[in-house]
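Analysis of the macromolecular model
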Amino acid sequence: MLKLLRTIYAGILITATINLFTIGSLSAEPMDDVFSMLEDGGGTRTGKNKIDGYYVVAMGTSSRSNENKGLEEARMEALRQLSEMINGVTMSGNTSASMKYITVSDENGTQEFSRESFVDVVNTSFKGQLSAAKQLKSGKYDGDYFVAIVITQTDLKQAASLRSTANSGNSHSGNTIIIATDASNQSIAQVKQGAKTVESKGLASMKVGETEARKKALNDAIHNAVQQAQGVMMQGKSGKFNDAIAVAISTKTEGYVSSYEMLDEDISRGQYYVIIEAIVDAGKLLNDVNFYTQVLGQPVFSINSENDKKSDWVIDELELLGFTINDGKKKATHTFYLKQRQSHVEDHKGSKGIETVLSIVLKDNNSGDILFTINNDPMKTRIYVQPVSRAKQVSEHVAYKQMKKKMGVEVIQSLARHAEKGIVYQIVLKNAKRTDVDIFKHVLNNGTSGNVETWKWDKKHKTMTLDYRFSGPLSEAFDQSLKEIYSTFKKEGKGRRPHMKKVERDAAYFDMVRS
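Residues numbered from 1 in each chain as written. Predicted model: local features only at pLDDT ≥ 70, side-chain atom pairs only at ≥ 80, totals over all residues. Heavy atoms only, no water.

Looking at an unreviewed UniProt entry, the protein carries the name Flagellar assembly protein T N-terminal domain-containing protein, with the source organism given as Aliivibrio finisterrensis.

Once that is clear, we can look at the sheet that holds strand β4 (residues 53-62). On the basis of which strands lie adjacent, the open sheet formed by four strands has the order β3-β4-β8-β7 and antiparallel pairing. The two strands at the open ends of the sheet, each matched to only one other strand, are β3 (43-49) and β7 (134-141). Strand-to-strand twist in this sheet, taken as the mean axis angle between neighbours without regard to direction, amounts to 20°. Across the sheet, helix α1 (residues 30-40) lies against β3, β4, β7 and β8 (144-152), angled at about 30° from β4, the strand it touches most. (Pairing = 2+ DSSP bridges. Helix = DSSP H or I, 4+ residues; strand = E, 2+ residues; numbered from the N terminus. Axes fitted to C-alpha atoms, helices over the stretch in contact; angles between N-to-C directions. Contact = heavy atoms within 4.5 Å.)

A separate point is the sheet that holds strand β16 (residues 334-346). Two pairing modes exist for strands in a sheet, parallel and antiparallel, and in both the strands are linked by backbone hydrogen bonds. Spatially, five strands are ordered β15-β14-β16-β17-β18 in an open sheet, and the strand pairing comes out mixed. Both edges of this open sheet fall to β15 (324-325) and β18 (370-375), since each of them pairs with a single strand only. As judged from the 13 bridges shared by β16 and strand β17 (residues 352-364), these two strands associate in the antiparallel manner. Bridge pairing in β17 places Arg 341 opposite Val 357. Packed on one face of the sheet, helix α7 (residues 311-320) meets β14 (300-305), β15, β16 and β17 and runs near 155° to β14.

Among soluble globular proteins, nonpolar side chains are generally buried collectively. Among the nonpolar cores identified, the biggest contains 51 residues, and Leu 296, Phe 301, Phe 323, Phe 336, Ile 360 and Val 411 are the most heavily contacted of them. Of the domains in this structure, domain 2 (195-296) and domain 3 (299-416) are the two that each give at least three residues to this core. (Core = buried A, V, L, I, M, F, W, Y, C linked by side-chain atoms within 4.5 Å. Buried < 20%, exposed > 50% of the residue type's maximum accessible area, 1.4 Å probe, protein only. Domains from an automatic or database assignment.)

With that settled, consider the side chain of Thr 465. By secondary structure assignment, the location of Thr 465 is in strand β21 (residues 463-470). We classify Thr 465 as buried; its relative accessible area is 11%. Setting aside residues no more than four positions away along its own chain, Thr 465 makes contact with Gln 426, Ile 427, Val 428, Thr 454, Trp 455 and Lys 456.

Structurally, the position occupied by Ser 359 is in strand β17. By relative accessible area, which is 14% here, Ser 359 ends up buried. In this structure the side chain of Ser 359 is engaged in a polar contact, spanning 3.3 Å, whose partner is the side chain of Asn 375. Ignoring anything within four residues of it in the chain, the contact list for Ser 359 reads Tyr 337, Leu 338, Lys 339, Thr 373, Ile 374, Asn 375 and Met 403. (Polar contact = N/O pair within 3.5 Å; in protein donor to acceptor, adjacent residues only side chain to side chain.)

With five bridges connecting them, β14 and β16 associate as parallel partners. Among the inter-strand pairings, Ile 303 is bridged to a residue of β16, identified as Phe 336. What sits between the antiparallel neighbours β16 and β17 is a turn of five residues, in which Gly 350 has the positive phi angle 90°.

For the rest of this paragraph, the subject is the environment of Met 512. Relative to the assigned elements, Met 512 resides in strand β23 (residues 507-514). For Met 512, a relative accessible area of 4% translates into the label buried. For the pair formed by Met 512 and Arg 497, sequence separation is 15 residues and the distance between their alpha carbons is 5.8 Å. Once you skip the residues sitting within four places of it in the chain, Met 512 turns out to touch Leu 429, Lys 430, Asn 431, Ala 432, Asp 436, Phe 440, Phe 489, Arg 496, Arg 497 and Pro 498.

Counted by the stated rule, this structure contains eight aromatic pairs. Here the aromatic rings of Tyr 468 and Phe 470 are separated by 5.9 Å at their centres, their planes lie at 15°, and the arrangement is stacked. With relative accessibility at 0%, the residue Tyr 468 sits in the buried group. Across from the ring centre of Tyr 273, 4.9 Å away, lies the NZ or CZ of Lys 201, which sits over that ring. A cation over a ring is seen here: Lys 502 above Tyr 509, with NZ or CZ 5.2 Å from the ring centre. (Phe/Tyr/Trp six-rings, centres within 6.5 Å; stacked < 30°, edge-to-face > 60°. Lys NZ or Arg CZ within 6 Å of the ring centre and 35° of its normal.)

Residue position: Ile 249 is located in helix α5 (residues 242-250). Taking the relative accessible area as the measure of exposure, Ile 249 reaches 0% and is therefore buried. The spatial distance from the C-alpha of Ile 249 to the C-alpha of Val 226 is 8.5 Å, given a sequence separation of 23 residues. If sequence neighbours within four positions are ignored, Ile 249 has contacts with Val 226, Gln 230, Tyr 256, Leu 285, Asp 288, Val 289 and Tyr 292.

To continue, consider the packing of helix α9 (residues 434-447) against helix α10 (residues 474-492). Contact geometry for α9 and α10: axes closest at 10 Å, N-to-C directions at 140°. Classified by the angle between their axes, α9 and α10 sit oblique to one another. The element α9 and its partner α10 pack so that their crossing is right-handed. When α9 is examined against α10, the residues Asp 436, Ile 439, Phe 440, Val 443, Leu 444 and Gly 447 are found in contact with a partner set consisting of Gln 480, Ser 481, Glu 484, Ile 485, Thr 488, Phe 489 and Glu 492. (Parallel < 35°, antiparallel > 145°, perpendicular 65-115°, else oblique. Left-handed = near helix turned anticlockwise from the far one by under 90°.)

Residues of α1 that are buried: Pro 30, Asp 33, Val 34, Met 37 and Leu 38. End-on, the buried residues of α1 take up no more than an arc of 145°, which puts them together on one face. Just beyond α1, the residue with positive phi is Gly 41, at close to 80°. (Arc of directions from axis to C-beta.)

Okay, the packing of α5 against helix α8 (residues 388-421) next. Their axes nearest at 9 Å, the elements α5 and α8 cross at an angle of 80°. Our classification of the angle between α5 and α8 gives roughly perpendicular. Residues Ala 244, Val 247 and Ala 248 of α5 pack against Val 409, Ile 412 and Gln 413 of α8. For the contact of α5 with α8, the per-class residue count stands at five nonpolar, one polar and no charged. (Nonpolar A, V, L, I, M, F, W, Y, C, P; charged D, E, K, R; others polar.)

Inspection of α5 places Ala 244, Ile 245, Ala 248 and Ile 249 among the buried residues, and these make up the whole buried set. Angularly, the buried residues of α5 cover 130° about the axis, an arc narrow enough to put them on a single face.

Moving on, we come to the confidence of the model for the protein. The predicted model of the protein averages 75 in pLDDT, with 75% of residues at 70 or higher. Confidence drops under pLDDT 50 across residues 1-27; counting only partners more than four residues distant or on other chains, this segment forms 63 contacts. Contacts from residues 89-129, a stretch scored under 50 in pLDDT, to residues over four places away or in other chains number 117 contacts. (pLDDT = per-residue confidence, 0-100.)

Moving on, we get to the pairing of β21. In terms of burial, β21 is largely enclosed, as eight of its eight residues are buried. Burial of the side chains of β21 extends over both faces: Thr 463, Thr 465, Asp 467 and Arg 469 are buried on one face and Met 464, Leu 466, Tyr 468 and Phe 470 on the other. Here eight bridges tie strand β19 (residues 423-430) to β21, and the two strands are oriented antiparallel to one another. The residue of β21 that forms the bridge with Tyr 425 is Tyr 468. Relative to β21, strand β20 (residues 451-458) is paired through seven bridges, and the arrangement is antiparallel. Considered in β21, the bridge of Trp 457 is made with Met 464. Between β20 and β21, which pair antiparallel in sequence order, lie four residues; one of them, Lys 462, sits at a positive phi of approximately 50°.

Next comes the structure, spelled out in structure tokens:
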């Protein structure tokens, strides 16, 4: 039985308490509920188990033919249902494809409420997020796209522990996030995104010298401090990209530590150790985890290999990180190109051996951009054993072992860099005037997360082309902005309006006509 209680404090503070008690089966699992909702066409389910505690699963569906738009629409519908169940607030309106459900404070910091952002105005702005919600499963079933999202008591408590409320008495207000747990007296946690103090220890071998060992031990302590904060948030079931996100975060740990205090340092048993108290930016850590979760969930990979026997090796490495491999049902968004060459070598003693040269290239199929090229070190693959067949086998094994150390990090970081950079799309306006360009630029620059970088005029064909950079599918950008483009032209177009002809993968086409 789901019980939603609302309490008004002094007539201005509104919070929602969710009681997920009296669940039919205490051994229920979120994935079991997903399979049930697939048959029912979506909806919400509640349950409780030993790992998650109380949980809510929401599934949204979409009948759109476009995969990206279908999955995004389904995701937004799932978030809407999740928000309605937890916060008791009915959501409606034209949802932008990039929206997140959030709990925010008013300007005076006196009232908290849940809402979603719309595209009714250009300068839509918001901050905050529905804490600890994560995507559980997505795909296509019975002709419709679906996305299932779960929020659990365990994850909520872990996310709450990453935020500090030490400065609650300050005059300025931070982002207030309301999260629901069980029916106890602590059912609502109102916390601020901020810093978390963590004590950690770092070690380094003295073989590199005392100065270098101290430096490495300090870096190790900083790394461990971030891992502690990250581990609290990602402990348990944090989604299929748990390992991949951990790899991504581990490469930029220093950016999360704003300051630290050295508590102790010494040399013991051939190792230099330091103990520090570090201030970890929990808000930045949470934001990056959300960013990586979104970025890593989009690609579908295909493999183009010169060594068919090693295609499975690439697939295994990607699946270990949680990525999706093209199975013929989904169109690949990225392609790996694996090149391998083995050649005979001879050392200074005249011994004959085998050397293996490997190269892996990752290409974005939408933009044609090369995201990375990684190569092994052939010198370290030179194997001088007999027979030659054995040397080839061992050399190949050593080469792929080298690549394994590099590939996971490169895939994750290159996808993130490319997502942050965005893709340049072309927006083509036929029969355009300069005022038309100004309106498009204004709406796209302010009503979406992208921006118009340059434009060019083809006088002969009376065509204006905008170069628009956006970190996502172009169709998503127009899901955010098309209604506002039409609305703005109706007010400011001076008798002119755009007619959208089509949106392709890398370009959108409009005819400018008289109203």
